[in-house]
Amino acid sequence: MSSVLYDAQGPRAKRRNIVLTVVFLVAVVALLWWVFKALTDKGQLEWVLWEPFFGSEAWTTYILPGLQNTLKAAALAMIIALPLGAVLGIARLSDHAWVRVPAGIVVEFFRSIPVLVLMIFGLALFAEYTNVSSDDRPLYAVVTGLVLYNASVLAEIVRAGILALPKGQSEAAMAIGLRKGQLMRLILLPQAVTAMLPAIVSQLVVIVKDTALGGAVLTYAELLSAAGTMSGYYGGNIIASLTVVSVIFIALNFALTSFASWLERRLRQAKKSTGAVVGANDAQIAGTTGTGAGGTV
């Protein structure tokens, strides 16, 4: 059966797709077997290396404290970066050059610098010019780098989401006398949020993952650094430690994207709502006055 998007496959195309599918599955199975054999030959699948993760010591001593620090840095960065990115994105749409130009410079500057460089710069800044203790500096530096970089990216997401709305929305609002601030707050932003939500969530996932840079470079005791510490304590089980940490990161990001999907569905359903429902006993329409049929309302 054909459609406007594609033509139906013939017998030869179907046979070719079946062959390619079988070849791909065989290649995947061969790759998995090669990985399994390599790990087995290196002794990485021995029970002694995985046993610590089935007890409480590894979790209470290493994994849970590292997870707590990861969530702390990510949560602080999200709380600051989201409103800051929204403000910068809206500022870039301002009609006033003295607002639009500085906001554009800030966004383009911090968006062009790698987040790791911003973290290192933040660490040096807090060490030289503040009284932040050496124990807290890594957290401050990680949050600073994440906020500066991701707020700039979120600003572009907000700006693109607002500009993607039909111009008729703005024209209709202005026609009824709304000011620019009212237009942005009441008309554009509520509609743009739903469209921007997938991109915003993708950036929040990046924030969670980029906390690992603080552990790799700034000695911040987050989840990934906990894997290295565990590996040294439990006799070099680095593969097992990294596997457990990877599963935790996947679970965190999956929970975040699942919540965003649920929130997006709720927002779309709310927009489809027509408000109060008028019952049959509240309004009876038997005709129209124009046609002389009469009616009771």
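Please read these numbers as outputs of a predicted model, since none were measured by experiment. (Residues numbered from 1 in each chain as written. Predicted model: local features only at pLDDT ≥ 70, side-chain atom pairs only at ≥ 80, totals over all residues. Heavy atoms only, no water.)

## A short note on the overall build of the protein chain
The test is simple: Runs of E in the DSSP output that reach at least two residues are strands. Runs of H or I that reach at least four are helices, and both are numbered from the N terminus. Buried means the residue's accessible area, taken with a 1.4 Å probe over protein chains only, is under 20% of the maximum for its type, while exposed means over 50%, and partly exposed covers the values in between. Two residues form a contact once any of their heavy atoms are found within 4.5 Å.
Assigned secondary structure in the protein chain consists of 10 helices and zero strands. Listing the helices and strands of the protein chain from first to last along the sequence gives α-α-α-α-α-α-α-α-α-α. Relative to its 297 residues, the protein chain shows a buried fraction of 33%. Pairs at least 24 apart in sequence give 70% of the contacts found in the protein chain among residues at least 6 apart.

## What to know about the layout of surface pockets
Using the following cut-off: In this analysis the probe radius is 1.4 Å and the grid spacing 1 Å, with only protein atoms considered; a cavity is a set of points the probe fits into but cannot get out of, a pocket is an open set with protein on both sides within 12 Å along at least five of seven lines, and lining residues have an atom within 4 Å of a point. Grid points are joined across faces, edges and corners, and a volume is the space filled by probe spheres set on the points.
In this structure, the largest pocket occupies an estimated 320 Å³ of space. Along the wall of the largest pocket there are 15 residues; nearest its centre are L82, V193, L197, I200 and L204. Residue assignment for the lining of the largest pocket shows that the elements contributing at least two residues are α3 (57–91), α6 (137–163), α8 (180–217) and α10 (238–272). It is α8 that contributes the most residues to the lining of the largest pocket, seven residues altogether. Put simply, the second largest pocket is a space of about 240 Å³.

## Things to note about the pattern of salt bridges
This is how it is decided: Throughout this description, the term salt bridge denotes a Lys or Arg side-chain nitrogen within 4 Å of a carboxyl oxygen of Asp or Glu.
Across all of its chains, the model carries six salt bridges by this definition. Between R92 and E108 there is a salt bridge, with its nearest N and O atoms 3.3 Å apart. Remark: E108 occurs in helix α4 (residues 97–112) and R92 occurs in the loop between α3 and α4; sequence separation between them is 16 residues. For the salt bridge of R111 with E156, the shortest nitrogen-to-oxygen distance reads 4.0 Å.

## Thoughts on the packing of aromatic side chains
What counts is decided by this rule: Any pair of Phe, Tyr and Trp rings, taking the six-membered ring for Trp, is counted once the centres come within 6.5 Å. Such a pair is stacked with planes under 30 degrees apart, edge-to-face with planes over 60 apart, and tilted for the rest.
Tallied over the full model, the rule gives five aromatic pairs. With a centroid separation of 5.2 Å and an interplanar angle of 35 degrees, the aromatic rings of W47 and F54 are classed as tilted. Under the relative-accessibility criterion, W47 is labelled exposed at 51%. Residue F54 is classed as exposed on the basis of its relative accessible area, which comes to 64%.

## Describing the packing of helix α5 (residues 115–129) against α8
Between two packed helices, what matters for the description is the angle formed by their axes and the separation of those axes. Stated precisely, the cut-off is as follows: Axis angles are defined between N-to-C directions and span 0 to 180 degrees, where every axis is a line fitted to C-alpha atoms and, for a helix, only to the segment in contact. An angle below 35 degrees is read as roughly parallel, one above 145 as roughly antiparallel, one from 65 to 115 as roughly perpendicular, and any other as oblique. Helix crossings are classified by the rotation of the near helix relative to the far one: an anticlockwise turn of less than a right angle makes the crossing left-handed, while a clockwise turn makes it right-handed. For this classification, Asp, Glu, Lys and Arg are treated as charged, while Ala, Val, Leu, Ile, Met, Phe, Trp, Tyr, Cys and Pro are nonpolar and the rest, including Gly, are polar.
One way to put it is that α5 packs onto α8 with a least axis distance of 10 Å and a crossing angle of 50 degrees. As summarised for this structure, α5 and α8 are arranged oblique, according to the angle between their axes. In this structure, α5 crosses over α8, and the sense of that crossing is right-handed. Where α5 approaches α8, its residues V115, L116, M119 and I120 are matched on the opposing element by D210, L213, G214 and V217. Looking at the contact of α5 with α8, its residues break down into six nonpolar, one polar and one charged.

## A look at the confidence of the model for the protein chain
Any region with low pLDDT has predicted coordinates that should not be read closely. Worth spelling out the cut-off: Every residue gets a pLDDT, meaning the predictor's confidence in that residue, from 0 to 100.
Taken over all residues, the pLDDT of the protein chain has a mean of 82, while the share at 70 or more is 88%. The secondary structure element of the protein chain with the lowest average pLDDT is helix α7 (residues 167–175), at 74, and the one with the highest is α4, at 92. In the model, residues 274–280 has pLDDT below 50 throughout and makes one contact with residues more than four positions away in sequence or in other chains. Ignoring residues within four places in sequence, the model shows residues 282–297, a span with pLDDT below 50, making 11 contacts including any to other chains.

## Focus on the side chain of S152
The topology assignment puts S152 in helix α6. Excluding residues within four positions of it along the chain, S152 makes contact with V106, V107, F110 and R111.

## Some details on the side chain of D210
Formally: Note that His is not counted, nor are the chain ends; the positive residues are Lys and Arg, and the negative ones are Asp and Glu.
Positionally, D210 belongs in helix α8. Summary of buried charges: D210 has no salt-bridge partner, and the nearest side chain of opposite charge, K209, is 6.8 Å away. In contact with D210, not counting residues within four places along its chain, are V115, M119 and L146.

## Some words on helix α9 (residues 223–233)
The cut-off we apply is this: Relevant arc is that of directions from the helix axis to the C-beta atoms, nothing else. Here a polar contact is taken to be a pair of N or O atoms separated by no more than 3.5 Å, where protein atoms must pair a possible hydrogen donor with a possible acceptor and residues adjacent in sequence count only if both atoms sit in side chains.
For α9, the complete set of buried residues consists of L223, A226, A227, M230 and S231. Here the buried residues of α9 occupy an arc of 135 degrees about the axis, which is enough to place them on one side. The opening residue of α9 is E222, an N-cap whose side-chain oxygen sits 2.8 Å from the backbone nitrogen of L224. G235 occupies a position one or two residues after α9 and carries a positive phi of about 85 degrees.

## Focus on the environment of F126
Mapped onto the elements, F126 comes out in helix α5. For the pair F126 and A141, spaced 15 residues apart in sequence, the C-alpha separation works out to 7.5 Å. The residues contacting F126, other than those within four sequence positions of it, are V132, R137, Y140, A141 and T144.

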